[in-house]
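Each chain is listed here by its residues.
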Amino acid sequence: MKISDIYREKNQTLSFEIFPPKKDDELRNIDETLSVLCELKPDFISVTFGAGGSANCNRTIELARKIRRDYGVEPVAHLTCLHYDKREIDAFAKELEYEGIENILALRGDANVNVPAKDVFRYSSDLISYLKEKHDFCFLGACYPESHPESADRITDIKSLKKKTDAGAKVLLSQMCFDNDIFFKFSESCRIAGIEAPVIPGIMPVIKASQIRRMVDMCGVAFPDRFRRIIDRYENDPEALFDAGMSYALSQVIDLIAGGALGIHLYTMNKPRVAERICEGLKNIYDPATGLEAC
Ligand code: FAD
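Rules used in this analysis
- Residues numbered from 1 in each chain as written.
- Predicted model: local features only at pLDDT ≥ 70, side-chain atom pairs only at ≥ 80, totals over all residues.
- Heavy atoms only, no water.
- Helix = DSSP H or I, 4+ residues; strand = E, 2+ residues; numbered from the N terminus.
- Buried < 20%, exposed > 50% of the residue type's maximum accessible area, 1.4 Å probe, protein only.
- Near = heavy atom within 4 Å.
- Polar contact = N/O pair within 3.5 Å; in protein donor to acceptor, adjacent residues only side chain to side chain.
- Areas by Shrake-Rupley, 256 points an atom, 1.4 Å probe, with all protein chains shown as cover.
- Nonpolar A, V, L, I, M, F, W, Y, C, P; charged D, E, K, R; others polar.
- Pairing = 2+ DSSP bridges.
- Axes fitted to C-alpha atoms, helices over the stretch in contact; angles between N-to-C directions.
- Contact = heavy atoms within 4.5 Å.

### Remarks on unusual backbone geometry
Reasoning step 1: At K41, a position not held by glycine, the phi torsion is positive, near 50°.
Reasoning step 2: Here K41 shows up in the loop between helix 2 (24–39) and strand 2 (44–47).
Reasoning step 3: Exposure remark for K41: the relative accessible area of 51% places this residue in the exposed category.
Reasoning step 4: We note that S147 has phi near 75°; this positive angle belongs to a residue other than glycine.
Reasoning step 5: Following the sequence through the fold, S147 ends up in the loop between strand 5 (138–143) and helix 6 (154–167).

Structure (structure tokens):
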């Protein structure tokens, strides 16, 4: 099913993001995570794509196929374009089509010092424009509540985002965001700019202090004081940090749902424990049969 059709039927969705494990035995263990995630009947699960021409690429399709065939959940395959030419993109699209995978999160990807960019596709919108001429995929796009790091300012960034939706991105999944007010303002700016695609906030439950400091530096996202205090207080006690990180994420999710966000996209980091805790916290808020709008 195309993800855009899900948004026609439901007002709010729940989705998860996982990454393909690098080793074969880890790919087998992914079932532990998937069985927990799929129990909550998410609207879709997106599968990341190895950065910068990594050989791991085809694992994205392998895992997306597994999600669809073994768990009956709609997968979204991420696909970057900066390091690929038309022939490589065609091969990937053909394989997705063969597997019956209908949804692509179309991305530019990041520059990689070890792999030269091919300069065929400059932006994610180029990838969407190219593929939509030949295939019937539903395209999703990435968005950045605090602007993409390469954008000169917020206005330029939103204008680029409008080009992405004009090219054919039907749903926008956001970069992780720890401050709901920033997300709500961004969502409003998108509407003002005429972007009609649902804008779905990305939530990253924090379970390791080092991981989150690295991510915040890399992605340039704000680290609110309330959140920083929690990390500082519990960083040396992994179990306490897990509890505190999950509570922070859950409180964000509940506030977003209450504030009318059109869905929640949860970065699970392949941890069944993260999925379990979030599911537990949402059990009276999320009804798998009817979705987030039930309550
Ligand atoms: P683009 O949409 O191409 O934007 C890149 C920059 O160019 C931005 O500054 C934008 O404002 C500007 N721009 C865009 N279009 C135009 C235009 N037409 N004219 C002028 N300027 C323009 N990376 C991976 O390698 N693998 C993944 O699986 C992955 N998954 C992700 C999932 C999500 C939800 C998000 C938010 C990011 C993900 N990324 C992933 C990271 C992403 O590849 C990087 O953030 C990358 O730097 C930008 O990708 P993009 O598709 O947003 O780029």
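### Structural notes on the site of the ligand
Reasoning step 1: Close contacts around the ligand come from 26 residues, with R108, D110, S124, Y144 and H148 the closest.
Reasoning step 2: The contact in question runs from an oxygen atom of the ligand to an N or O atom on the side chain of H78, over 2.9 Å.
Reasoning step 3: At a separation of 2.8 Å, an oxygen atom of the ligand approaches a polar backbone atom of R108.
Reasoning step 4: Contact with the protein chains hides 87% of the accessible area of the ligand, taken as 970 Å² for the molecule alone.
Reasoning step 5: Of all elements in the fold, only strand 3 (75–80), strand 4 (103–107), helix 5 (124–134), helix 6 and strand 6 (169–176) reach the threshold of two or more residues within the shell around the ligand.
Reasoning step 6: If you tally residues by element for the shell around the ligand, the top one is helix 6, at 4 residues.
Reasoning step 7: A class-by-class count of the residues in the shell around the ligand yields 9 nonpolar, 11 polar and 6 charged.

### A look at the sheet that holds strand 6
Reasoning step 1: The 8 strands lie next to each other as 1-2-3-4-5-6-7-8, forming a closed barrel whose pairing is parallel. On average, each strand axis in the sheet is tilted by 30° relative to the strand beside it, whichever way the strands run.
Reasoning step 2: Of the strand pairs in this sheet, strand 7 (residues 199–203) and strand 8 (residues 263–267) are connected by 2 bridges, and their pairing is parallel. Looking across to strand 8, one finds that G202 is bridged to H265.
Reasoning step 3: Here helix 4 (residues 86–98) sits on the sheet in contact with strand 3 and strand 4, set at roughly 175° to strand 3.
Reasoning step 4: The strands touched by helix 5 within the sheet are strand 3, strand 4, strand 5 and strand 6, with strand 4 carrying the most contacts at an inclination of about 140°.

Treat this as a map of the structure, not an account of what it does.
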